[in-house]
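Structural features, examined
Below are the chains, spelled out letter by letter.
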Amino acid sequence: MVKDPTEVIRKAVLRMLPRNKLRDDRDRKLRIFPGSEHPFGDRPLEPYVMPPVQDEPLSELRKRLNSNNKLLMIRERERRRTHGNWLLLISPA
């Protein structure tokens, strides 16, 4: 860290990414600037506006969750009734 303080940040970011081909591309594009000076200081900041949240009453949310759970339970019950509870393993002869 004494030699290169940006290496700590680079390793932290890379270890959070999945280990695949895209990780190398993201590593190449990652720019870390030590200190407060960077070449992008003249670009204006674009404020991010959060989209409005649709407030749904808690009672409606519970009804929807319960109906989904009931539907899943009915499907599982139907699957067990038609296929049984046992797992059949067939070995090749």
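Predicted model, so just to flag it, every value in this text is computed and none were measured.

Counting secondary structure elements, the protein chain contains three helices and zero strands. Counted from the first residue to the last, the protein chain has its helices and strands arranged as α-α-α. In the form shown here, the protein chain has an accessible surface area of approximately 9900 Å², with 58% of it arising from carbon and sulfur atoms.

Take the environment of R26 next. Here R26 is to be found in helix α2 (residues 21-29). C-alpha of R26 to C-alpha of V13: the two residues are 13 residues apart in sequence and 9.7 Å apart in space.

Here the focus is the pattern of salt bridges. Counted under the stated rule, the structure contains two salt bridges. A salt bridge links R28 to D25, with the shortest nitrogen-to-oxygen separation between them at 3.0 Å. With R28 and D25 both in helix α2, this residue pair falls three residues apart, about one helical turn.

What follows concerns the side chain of T6. Here T6 shows up in helix α1 (residues 6-16). Relative accessible area serves as the criterion here: at 12%, T6 is assigned to the buried category. Dropping the residues within four chain positions of it, T6 is found in contact with I32 and P34.

Quick look at the packing of aromatic side chains now. Summed over all chains, the structure comprises one aromatic pair. Where F33 meets F40, the ring centres are 6.0 Å apart and the plane angle is 65 degrees; that geometry is what we call edge-to-face. Note on F33: relative accessible area 34%, which makes it partly exposed.

What follows is about the side chain of R23. Tracing the backbone shows R23 in helix α2. At 5.6 Å, D24 is the nearest oppositely charged side chain to R23, a buried residue that forms no salt bridge. Setting aside chain neighbours within four positions, we find R23 in contact with L14, R15, L17 and P18.

To continue, consider the confidence of the model for the protein chain. In this model, the protein chain carries an average pLDDT of 78, and 84% of its residues clear a pLDDT of 70 or more. Averaged over each element, pLDDT in the protein chain is lowest for helix α3 (residues 58-83) (72) and highest for α1 (91).

Cut-offs and rules
- Residue numbers run consecutively from 1 along every chain, following the written order of its sequence.
- Reporting of local features is limited, given that this is a predicted model, to residues whose pLDDT is at least 70; pairs of side-chain atoms are given and counted only at 80 or more, and all residues count toward the totals for whole chains, interfaces and linings.
- The side-chain quantities take in all heavy atoms of the structure and omit both hydrogens and water.
- Numbering of helices and strands runs from the N terminus; a helix is a DSSP stretch of H or I covering at least four residues, while a strand is a stretch of E covering at least two.
- Here the accessible surface of atoms and residues is derived via Shrake-Rupley with a 1.4 Å probe, and residues count as covered only by protein chains that are part of the display.
- One side-chain nitrogen of Lys or Arg within 4 Å of one carboxyl oxygen of Asp or Glu is enough to make a salt bridge.
- Remark: exposure states derive from per-residue accessible area (1.4 Å probe, protein chains only) relative to the maximum for the residue type, with buried under 20%, exposed over 50%, and partly exposed in between.
- The criterion used for residue contact is that any of the two residues' heavy atoms lie within 4.5 Å.
- Whether two aromatic rings pair depends on their centres lying within 6.5 Å, for rings of Phe, Tyr and Trp, where Trp uses its six-membered ring; planes under 30 degrees apart make the pair stacked, over 60 edge-to-face, and the rest tilted.
- Note that His is not counted, nor are the chain ends; the positive residues are Lys and Arg, and the negative ones are Asp and Glu.
- The predictor attaches a confidence to each residue, called pLDDT, with possible values from 0 through 100.

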